[in-house]
Amino acid sequence: MNKLKRFYELLITTLFGAIPTLFLGPKLRNVIYRTIFARLGKSVYIQDGVELVNAYCAEIGDGVHIFRGVRFNAAGENNHIRLESGVALERNVDIGCLDHTNITIKKGTFIGSDVCITGPGDIVIGERCLIAAHCGIYANNHRFHNIEEPITVQGISRKGIVIEDDCWLGHAVTVLDGVTIGKGSVIGAGAVVTKDIPPYSVAVGVPAKVIKNRLVDGEPNQGIKFSDLVKQSLTTSN
Ligand SMILES: CC(C)(COP(=O)(O)OP(=O)(O)OC[C@H]1O[C@@H](n2cnc3c(N)ncnc32)[C@H](O)[C@@H]1OP(=O)(O)O)[C@@H](O)C(=O)NCCC(=O)NCCS
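The notes below deal with the structure included here.

Thresholds, definitions, all that
- Residues numbered from 1 in each chain as written.
- Predicted model: local features only at pLDDT ≥ 70, side-chain atom pairs only at ≥ 80, totals over all residues.
- Pairing = 2+ DSSP bridges.
- Helix = DSSP H or I, 4+ residues; strand = E, 2+ residues; numbered from the N terminus.
- Buried ≥ 20, exposed ≤ 12 C-beta atoms within 10 Å, placed from the backbone.
- Near = placed C-beta within 6 Å.
- Nonpolar A, V, L, I, M, F, W, Y, C, P; charged D, E, K, R; others polar.
- Core = buried A, V, L, I, M, F, W, Y, C linked by C-beta atoms within 7 Å.
- Contact = placed C-beta atoms within 7 Å.

## As for the sheet that holds strand S12 (residues 116–118)
Link 1 in the chain: Pairing is parallel across the open sheet formed by seven strands, whose spatial order is S3-S6-S9-S12-S15-S20-S23. Two strands lie at the open edges of the sheet, namely strand S3 (51–53) and strand S23 (192–193), each paired on one side alone.
Link 2 in the chain: Judged from the three bridges that link them, strand S9 (residues 94–96) and S12 form a sheet pairing that is parallel. Residue pairing for S12: Asp94 is matched across the bridge by Cys116.

Written out as structure tokens, the structure reads:
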């Protein structure tokens, strides 16, 4: 990213990034941040205190909610972040790219507070997923084969992560590089997902093991509606 563009981004986010909702901050940002995002959809709610580094590579769909403390860091080369319509990022969600990384979060997905979604390495999170607070999705591993050198200089490997549509990851799930979590799967709180999970699985533990399949062991739907989660965040965080 060139220095002039970064200076402009810093200027805009410093001038407008801290204006609270009471003083129409989200409405102002919905207009002015169009000059720093690659695309900013209609009715995007960006709360005060959101940190952006190289938002020029980020496309934000209609009706996206981005809450206080969220950080996008796409400072390196050839990065692309795409949040499709209706995505919500709760407080302190951290999306980092480093270099040559595509991160896509598809329609209607809810990302809970303090979740880390981190490249380098591509990450796709499907439609209508629910990623609970404190999850970590890390699309790379540090190399560490050489004991003569610090791990920090040995580089990384990267394969990428895919979480298919309609998955629910419970509190503090960690997803490691190279994993695909199949459509409609549920991952229990605290699990570490090290291998692919077939569609409609329920998997728990460290490492995560499939204990059920929803196609076989399903129950009728009941309880809280997905859209209620965003409404709840809006009413409690201004
Ligand atoms: C996995 C989960 C969804 C329950 O699914 P379920 O199909 O109803 O599973 P059950 O409660 O019948 O438990 C099945 C077995 O898995 C175990 N288990 C359930 N959740 C577990 C977890 N997170 N980690 C380890 N083991 C777990 C149970 O102890 C039980 O073991 P047992 O057969 O030896 O007794 C639930 O336990 C969970 O982890 N929910 C996440 C809640 C959360 O993080 N909410 C955040 C807000 S969205």
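## Some details on the pairing of strand S7 (residues 80–83)
Link 1 in the chain: Burial along S7 is one-sided: Ile81 and Leu83 are buried, and none of His80 and Arg82, which face the opposite way, are.
Link 2 in the chain: Examined bridge by bridge, strand S4 (residues 58–60) and S7 share three bridges and lie parallel to one another. The residue bridging Glu59 from the neighbouring strand is Arg82, located in S7.
Link 3 in the chain: Here S7 runs beside strand S10 (residues 102–105); their pairing, made up of four bridges, is parallel. Among the inter-strand pairings, Ile81 is bridged to a residue of S10, identified as Ile103.

## Considering the site of the ligand
Link 1 in the chain: Taken together, 13 residues lie near the ligand, and Ala132, Gly170, His171, Gly188 and Ala189 sit nearest.
Link 2 in the chain: For the shell around the ligand, the secondary-structure elements that each account for two or more residues are strand S24 (201–204) and strand S25 (209–213).
Link 3 in the chain: Class assignment of the residues belonging to the shell around the ligand gives a composition of seven nonpolar, five polar and one charged.

## Quick look at the nonpolar core
Link 1 in the chain: Among the nonpolar cores identified, the biggest contains 53 residues, and Ala58, Ile81, Leu89, Ile111, Ile131, Ile187 and Val193 are the most heavily contacted of them.
Link 2 in the chain: In contact with Ile81, not counting residues within four places along its chain, are Cys57, Ala58, Phe72, Ala74, Ile95, Cys97 and Ile103.

## Thoughts on unusual backbone geometry
Link 1 in the chain: The peptide bond linking Gly119 to Pro120 adopts the cis configuration, its omega dihedral lying at 5 degrees.
Link 2 in the chain: Along the chain, Pro120 turns up in the loop between S12 and strand S13 (123–125).
Link 3 in the chain: The omega torsion of the bond from Val206 to Pro207 falls at -10 degrees, within 30 degrees of zero and hence cis.
Link 4 in the chain: One non-glycine residue, Asn92, lies in positive phi territory at about 65 degrees.
Link 5 in the chain: With respect to the helices, strands and loops of the structure, Asn92 is situated in the loop between strand S8 (88–89) and S9.
Link 6 in the chain: A count of 18 C-beta atoms within 10 Å places Asn92 in the partly exposed class.
Link 7 in the chain: Of note in the backbone geometry, His100 takes a positive phi value of approximately 45 degrees without being a glycine.

Purely geometric stuff here, so don't read any function into it on its own.
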